[in-house]
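# Tertiary structure, described
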Amino acid sequence: MFYTSGWVHVICGCMFCGKTDEMLRLLRRFSIAGRRVVLVKPRLDTRSDEVTVVSRSGARHRAVTVEGAAEIEAVVAEGDIVAVEEGQFFDEALPDVVERLADGGRQVLVTGLDRDFRGIPFGPMPRLMALADQVTKLTAICVVCGEPATRTQRLIDGVPAPADSPLIVIGGIGDETYEARCRLHHEVPAAASA
Ligand SMILES: [Zn+2]
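Residues numbered from 1 in each chain as written. Predicted model: local features only at pLDDT ≥ 70, side-chain atom pairs only at ≥ 80, totals over all residues. Heavy atoms only, no water.

### Considerations on the domain arrangement of the protein chain
Heads up, the condition is: For the purposes of this description, domain bounds are those given by an automatic or database domain assignment. Only heavy atoms enter the contact rule, under which two residues are in contact if any of them lie within 4.5 Å. Buried area: the sum, over both parts, of the accessible surface (1.4 Å probe) that disappears when the two are put together. The salt bridge definition used is simple: a Lys or Arg side-chain nitrogen within 4 Å of an Asp or Glu carboxyl oxygen.
Structurally, the protein chain comprises domain 1 (7-138) and domain 2 (141-194). The centre of domain 1, based on its C-alpha atoms, is set 24 Å off from the matching centre of domain 2. Taken together, the contacts link 13 residues of domain 1 with 18 residues of domain 2. Contact between domain 1 and domain 2 buries roughly 1,400 Å² in total, counting both sides, with carbon and sulfur atoms accounting for 71%. When the buried area of domain 1 at its contact with domain 2 is split by residue, Cys14, Arg115 and Phe117 rank highest and sum to 46% of it. Counting the contacts that link domain 1 with domain 2 gives zero salt bridges.

Okay, structure coming up:
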């Protein structure tokens, strides 16, 4: 189904829930339909302007990196379809930018983590989800019990990371890994430095 007026679709969930695969699946359909797709992601740890988004299943799409939400409108001028990866890492201006793009007739897709590793709504995602025309919330599988997982477990050197460990880690702190976990098995110990 393609829409002729603007539309905002947020695809969210915890890590390993398949957000990027779902977005790339939808972008493939838009491309086949002859729509011009522009995919943007926050620059974070890369200096490159052009990168490739690769999903866990190996699907890929060329992307443009931007410093912040304010840069998005300039780089997507040529696109009918605007896709935004890692929405949680953008600043609070992202929901307004997305609304303006949709008001201008564009289809906008945003993926992002709905919660951070502590289980708290992440960055601009909660407001984006409220403003969206459509929200797809995906689940992963809990590595402990096999039930549907909605939380991202951060582990540092194999043990649950305390609530006061940094929200965004670039380059790693110790041996940092992530798992998908259910509500019951998601662990966030109180601040280590208390
Ligand atoms: Zn579980």
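### Some points on the coordination of the zinc ion
For a metal with four donors in a tetrahedral arrangement, the ideal angle between donors is 109.5 degrees, while six donors in an octahedron ideally sit at 90 or 180 degrees. Worth spelling out the cut-off: Note that water is not among the atoms used; donors are N, O and S atoms within 2.8 Å of the metal (3.2 Å for Na, K and Ca), so sites may look incomplete. Counting from the N terminus, the helices are DSSP H or I runs at least four residues long and the strands are E runs at least two residues long.
Taken together, Cys142 (SG), Cys145 (SG), Cys182 (SG) and His185 (ND1) make up the full set of protein donors to the zinc ion, lying 2.1 to 2.4 Å away. Written as a sequence motif, the donor arrangement for the zinc ion is C-x2-C-x36-C-x2-H. Residue cysteine 142 is found in the loop between strand 8 (140-141) and strand 9 (148-149), and its partner cysteine 182 is found in the segment after strand 12 (176-181); the two are separated by 40 residues along the sequence.

### Description of unusual backbone geometry
Stated formally: The rule is simple: take the accessible area with a 1.4 Å probe, protein chains only, and divide by the maximum for that residue type; under 20% is buried, over 50% is exposed, in between is partly exposed.
A positive phi angle is found at glutamate 86, which is not glycine, with a value near 55°. Structurally, glutamate 86 can be placed in the loop between strand 5 (81-84) and helix 3 (94-103). Residue glutamate 86 is classed as partly exposed on the basis of its relative accessible area, which comes to 26%.

### What to know about helix 1 (residues 19-32)
Quick reminder: α-helices carry 3.6 residues per turn. Residues three or four places apart thus point the same way. The following threshold applies: Expected span, for any helix, means 1.5 Å times one less than how many residues it has.
Along its 14 residues, helix 1 runs 20 Å from first to last C-alpha, staying within 8% of the 20 Å computed at 1.5 Å per residue. At its buried positions, helix 1 is contacted by strand 1 (7-13), strand 2 (37-42), strand 3 (50-54), strand 4 (60-66), strand 5 and strand 6 (107-113). Residue glycine 34 follows helix 1 closely and has a positive phi angle near 80°.

### Examining the sheet that holds strand 12
Basically, it comes down to this: One requirement defines pairing of two strands: DSSP has to find at least two bridges between them.
Read across the sheet, three strands follow the order 11-10-12 without closing on themselves; strand pairing throughout is antiparallel. If you trace the sheet from one side to the other, it starts and ends with strand 11 (159-160) and strand 12, each paired once.

### Some points on the sheet that holds strand 4
Defined as follows: Helix axes are fitted only over the stretch in contact, all axes being lines through C-alpha atoms; the angle between N-to-C directions runs from 0 to 180 degrees.
Taken together, seven strands build an open sheet; the order of strands is 3-4-2-5-6-1-7 and the sheet is mixed. One side of each edge strand has no neighbouring strand; the edge strands of this open sheet are strand 3 and strand 7 (134-137). Across the sheet, the mean angle from the axis of one strand to that of its neighbour is 25°, orientation sign disregarded. Bridge count between strand 1 and strand 6: seven bridges; the pairing is parallel. Note that in strand 6 the partner of cysteine 12 across the bridge is glycine 112. Helix 1 rests against strand 1, strand 2, strand 3, strand 4, strand 5 and strand 6 of the sheet, and its axis sits at about 165° to strand 6.

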